[in-house]
Amino acid sequence: MTSIVWSRSFETGDLFIDNQHRKLVSTVNELGAAYEQCAGRSNIARILNDLTNMSVVHFQDEIRPSTLDFLPMTSLVREDQRIVSFISRLRIEYINGLCEITDHDIMTIANWLVRHIRIIERAHTAVAV
């Protein structure tokens, strides 16, 4: 499984949001590594808990008017809610032994995160111009 490599092109210029994006990238990479190394249910469950909590906090922060008031928030919020639901459901089912994590699950989260960061970065760049 390939890790997400942080790129300067992901940076928005908003250090608060950029730091949260970096932490999300790091946590998704940690999940991928734990999955590859068969790190055990408790470790993977902890990472899923961290990822769920970070995602919820990040999206609440991101929709604050002072943060990204120039974005068309409706579609962004809808997509963010879908991925938080996906991660939350995956976490609950995994913790309760109802499913196993797959590389498809991790790639879904990773692809969504990169897409999310690029949308935010483009929005910041468009406003800065």
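Residues numbered from 1 in each chain as written. Predicted model: local features only at pLDDT ≥ 70, side-chain atom pairs only at ≥ 80, totals over all residues. Heavy atoms only, no water.

1. Notes on the overall build of the protein chain
To be explicit about the condition: Helix numbers and strand numbers start at the N terminus; a helix is a DSSP run of H or I with at least 4 residues, a strand a run of E with at least 2. When accessible area is computed with a 1.4 Å probe and restricted to protein chains, residues below 20% of their type maximum are described as buried, those above 50% as exposed, and intermediate ones as partly exposed. The criterion used for residue contact is that any of the two residues' heavy atoms lie within 4.5 Å. Computed with a 1.4 Å probe, the accessible areas rest on the Shrake-Rupley method; for each residue, only the protein chains presented here act as cover.
A tally of helices and strands in the protein chain yields five helices and zero strands. The N-to-C order of helical and strand elements in the protein chain reads α-α-α-α-α. Looking at the 129 residues of the protein chain, the share that counts as buried comes to 43%. Summarising the internal contacts of the protein chain: among those between residues at least 6 apart in sequence, 72% fall at separations of at least 24. Surface summary for the protein chain: the accessible area is close to 7100 Å², and the carbon and sulfur share equals 55%.

2. Remarks on the nonpolar core
The condition is simple: Only buried residues count toward a nonpolar core. Its members are Ala, Val, Leu, Ile, Met, Phe, Trp, Tyr and Cys residues joined through side-chain atoms within 4.5 Å.
Judged by nonpolar contacts, the single largest core of 28 residues is most densely connected at I4, L31, I83, I109 and L113. Mapped onto this core, the elements with two or more residues apiece are helix 1 (15-36), helix 2 (41-62), helix 4 (73-95) and helix 5 (103-128). Top contributing element to this core by residue count: helix 5, with seven residues. In contact with I4, other than residues within four places in its own chain, are F10, V25, V28, N29, A110, L113 and V114.

3. Quick look at helix 2
Let me state the cut-off plainly: Working rule for helices: expected span equals 1.5 Å times residues minus one.
In this model helix 2 runs 31 Å from its N-terminal to its C-terminal C-alpha over 22 residues, within 8% of the 32 Å that 1.5 Å per residue would give. Here helix 2 has its buried residues at I44, A45, I47, L48, L51, T52, S55, H58, F59, D61 and E62.

4. Here's the deal with the pattern of salt bridges
Inclusion rule: Here, a salt bridge means any side-chain nitrogen of Lys or Arg that lies within 4 Å of a carboxyl oxygen of Asp or Glu.
This model, assessed by the stated rule, comprises four salt bridges. Residue E100 pairs with R41 through a salt bridge whose shortest N-O separation is 2.9 Å. Residue E100 is located in the loop between helix 4 and helix 5, and its partner R41 is located in helix 2; the two are separated by 59 residues in the primary sequence. Given the relative accessible area of 33%, R41 is considered partly exposed. Each of the salt bridges in this network shares a partner with another, and the network as a whole consists of E30, R46 and D50.

5. Thoughts on the confidence of the model for the protein chain
For the record, the criterion: What pLDDT conveys is the predictor's confidence in a given residue, as a value from 0 to 100.
When pLDDT is averaged along the protein chain, the result is 85, and 81% of the positions lie at 70 or above. Mean pLDDT across the elements of the protein chain bottoms out in helix 3 (residues 65-68) (52) and peaks in helix 1 (95).

6. Examining the side chain of D80
Applied cut-off: Here Asp and Glu are counted as negative and Lys and Arg as positive; His is not counted, and neither are the chain ends. For the purposes of these results, a polar contact is taken to be a pair of N or O atoms within 3.5 Å, where, inside protein, one atom must be able to donate a hydrogen and its partner to accept one; residues adjacent in sequence count only when each atom of the pair is a side-chain atom.
Within the element layout of this structure, D80 appears in helix 4. With no salt bridge to any partner, buried D80 finds its closest opposite charge in R115, at an N-O distance of 8.5 Å. Only 3.2 Å separates the side chain of D80 from the side chain of H116, close enough to count as a polar contact. Here D80 is in contact with F59, E62, W112 and H116, once residues within four sequence places are set aside.

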